Amino acid sequence: MPTKYLTLAFLMCTCLLAIYAVDPEVTNVTAAQRTDGSKIVDIWYNLGYSQIDSVLVSLSIPEDGGSSFQIVPDALHLQGDIGWLYAGGNGKHVIWNMGLEDRSFDAANFAFKITALGILSRPQFSPPAGLYSASQLVSISSSTPSTIIYYTLDQSEPSTSSLLYSAPISIEATTLLKARAYKAGWVTSGIASAQYTLIVDTPTFSPTAGFHFVAQEVSINCTTPGAVIYYTTNGSEPSQSSMLYSVPVSVTSNSTIKAKAYKTGWLGSVTATGQFQIGTGILVQGGTFNNGTSNVTVSSFCIDKYELTQAAFQDVMGYNPSYFTGYPSRPVEFLDWFLSINYCNRRSMQEGLIPCYSYSTYGTDPNNWPWGWNTWANHNYVTCNWSANGYRLPTEAEWEFAARGGNASQNYTYSGSNNINEVAWYQTNSGNRTHNVGELAPNELGIYDMSGNAEEWIWDIYNDYPVGDQVTIPPVQLVVIFVFTEVVAGLAKIIDAQ
């Protein structure tokens, strides 16, 4: 507590410049009483400090000649550089109207004291208060060296009996942190407060929401450790009374999944919403069958459970080439292999997938393919990227494996039954016309019309079967069943399961 004493009878001073130190320092104090009878005393001093936002300057007078300074003049009788100051410097000036005090200071000599106390700044927090999606390690600091900081986590006011800060504080739940700085000979800081609100991360879906060709097993994940997830599948807002997530959610039809994650002491997450549109695809697990010549092994693939309808074709291509036009739920027909290839790529592009087919060096966009590309003389220039995730025609092996019922095959004569009328539209029962897809029974895999109604295009060009066992291992892709009926659906496709 720097102090300077002076008697009005002795006004000698050395006029040193103020030294800017960490602690506030009062130097070069001088005083003089005016001689106009007003009894006003002018006091000058220099004030030096750094790393302090403000200081508290006071004036005190002794009753015992200078041993103790217990008399503090009335603040209404003081003007100038007294009280709260926010800048140091030389030539600070205090005007004391001594004559207005309620006691007499008339004497030949008396002493007084100028005191400057540093005022501690409020502590600072790092990271600052805010909303966080993870636990935080909070440091508390003061701009003044050698301060002692006390803090609380229970919303109470910090004091010297509170927790003493010595190391960063781990914030594991929503918390109001309060802190105060102390230092001997200084004015205690104000209380600094920081609200740390922890919020659980928003859950995510895997696979992501959107259109999926086949049914999906949807996992719901949250990156916040210890969080629990609740979800709904009816579009309602999830709460802790909703279904508790523990295993992937089976989505077999168009569904809206909403999920919210919770953790004790944290704000619940933002609600995650996923709209899943499920197509008409069937996942065919890979397996081995005998095609009458050799054993053929195919990898897993996805295939549409229905023949491609006129409506689905027109949605992508903008027209309908069918002979039996005007029946949106009947299979599209009167299209060739090249038009099927064209459709596959355009549908892939429309759905944001990677097209499977390229033509020569012209890429995958049919808009860039040259005139005349779609003639049989050019079919060898059409290549398939088996690593793409778009739509394609089934290979002959895939088609036959799916028609037989895949790994669930019951060795039926027709695809799904020994009774042709249960599963196939053909010359006898069709009325010489196509029928809506899926009207009759499906086969063992849930695929319709693999016998009858209309025949389908495949990827392979006609040739003899190769000799020896065959293994085809393209990745899982989206396979579209196309039909190529030229006039009417007249013959059932007979599958010799033997």
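Check the entry above for the structure.
The structure presented is a predicted model; accordingly, all values stated were derived computationally and were not measured. (Residues numbered from 1 in each chain as written. Predicted model: local features only at pLDDT ≥ 70, side-chain atom pairs only at ≥ 80, totals over all residues. Heavy atoms only, no water.)

K.L.:
I tried to follow the overall build of the chain on my own but got confused; where do I start?
P.N.:
On a plain count of helices and strands, the chain comes out with four helices and 36 strands. By the burial criterion, 47% of the 498 residues in the chain qualify as buried. Approximately 24,300 Å² of the chain is accessible, and the part contributed by carbon and sulfur atoms is 51%. (Helix = DSSP H or I, 4+ residues; strand = E, 2+ residues; numbered from the N terminus. Buried < 20%, exposed > 50% of the residue type's maximum accessible area, 1.4 Å probe, protein only. Areas by Shrake-Rupley, 256 points an atom, 1.4 Å probe, with all protein chains shown as cover.)

K.L.:
Looking at this model, I keep getting lost on the packing of helix 1 (residues 310-317) against helix 2 (residues 337-350). Mind explaining?
P.N.:
The packing of two helices is summarised by the inter-axis angle and the distance between the axes. The N-to-C vectors of helix 1 and helix 2 enclose an angle of 70°; their axes lie 9 Å apart at closest approach. Put simply, helix 1 runs roughly perpendicular to helix 2. Like other packed secondary-structure pairs, helix 1 and helix 2 cross with a definite hand, here left-handed. Every residue of helix 2 that contacts helix 1 at A312, F313, D315, V316 and M317 is listed here: L339, N342, Y343, R346, R347 and Q350. (Axes fitted to C-alpha atoms, helices over the stretch in contact; angles between N-to-C directions. Parallel < 35°, antiparallel > 145°, perpendicular 65-115°, else oblique. Left-handed = near helix turned anticlockwise from the far one by under 90°. Contact = heavy atoms within 4.5 Å.)

K.L.:
Could you clarify how one ought to interpret the packing of aromatic side chains in this entry?
P.N.:
On inspection of all chains with the given rule, the structure shows 26 aromatic pairs. Aromatic pair F338 and W376: ring centres 5.2 Å apart, planes at 65°, arrangement edge-to-face. Taken together, the residues span a long stretch of sequence, with F338 in helix 2 and W376 in the loop between strand 30 (357-359) and strand 31 (382-384) at a distance of 38 residues. Among the residues examined, F338 registers a relative accessible area of 2% and is labelled buried. Among the residues examined, W376 registers a relative accessible area of 46% and is labelled partly exposed. Ring geometry for W369 and W373: centres 4.7 Å apart, planes at 70°, overall edge-to-face. By relative accessible area, W373 is classed as buried at 8%. A network of ring pairs unites the aromatic residues W337, F338, Y357, Y359, Y362, W369, W373, W376, Y381, W386, W457 and W459 as a single cluster. Seen from the ring of Y327, R330 lies directly overhead, with NZ or CZ sitting 3.6 Å from the centre. If you follow R347 out to its NZ or CZ, it ends over the ring of Y391, 4.1 Å from the centre. (Phe/Tyr/Trp six-rings, centres within 6.5 Å; stacked < 30°, edge-to-face > 60°. Lys NZ or Arg CZ within 6 Å of the ring centre and 35° of its normal.)

K.L.:
Help me out: how do you make sense of the sheet that holds strand 20 (residues 216-221) in this one?
P.N.:
Working definition: the strands of a sheet are paired by backbone hydrogen bonds and lie parallel or antiparallel to each other. Sheet architecture is open: three strands sit in the order 18-20-23, paired in antiparallel fashion. Since the sheet does not close on itself, it has two edges, and those belong to strand 18 (204-206) and strand 23 (249-251), each with one partner. When the angles between neighbouring strand axes are averaged without regard to direction, this sheet yields 35°. Where strand 20 and strand 23 come together, three bridges link them in antiparallel fashion. Bridging across to strand 23, E217 finds its partner in S250. (Pairing = 2+ DSSP bridges.)

K.L.:
So what exactly am I meant to see when it comes to the pairing of strand 8 (residues 89-97) here?
P.N.:
Sheet analysis places strand 3 (residues 40-48) next to strand 8, joined by seven bridges and oriented antiparallel. Opposite L47, over in strand 8, you have G89 as the bridge partner. With three bridges joining them, strand 6 (residues 78-80) and strand 8 adopt antiparallel strand pairing. Within the sheet, the bridge partner assigned to Q79 lies in strand 8 and is I95.

K.L.:
How should the nonpolar core be read in this particular structure?
P.N.:
Grouped burial of nonpolar side chains is what soluble globular proteins tend to show. In this structure, F125, I140, L177, Y196, F205, I220 and I257 are the most contacted members of the largest nonpolar core, which totals 34 residues. The dominant element in this core, judged by the number of residues it contributes, is strand 17 (residues 192-198), at four residues. Non-local contacts of L177, meaning those with residues more than four positions away in its chain, are made with F125, V138, I140, Y151, T152, L153, I169, A192, S193, A194 and Y196. Grouped together as the second largest cluster of nonpolar side chains are 22 residues, V26, I43, L47 and I82 included. (Core = buried A, V, L, I, M, F, W, Y, C linked by side-chain atoms within 4.5 Å.)

K.L.:
What should I look at first to understand the sheet that holds strand 17 in this one?
P.N.:
If you walk across this open sheet you meet the five strands as 11-17-16-13-14, and the pairing is mixed. This sheet does not close on itself; its edge strands, each paired only once, are strand 11 (130-132) and strand 14 (163-164). Two elements, strand 13 (residues 148-152) and strand 16 (residues 175-182), share five bridges in a ladder whose sense is antiparallel. Looking across to strand 16, one finds that I149 is bridged to A181.

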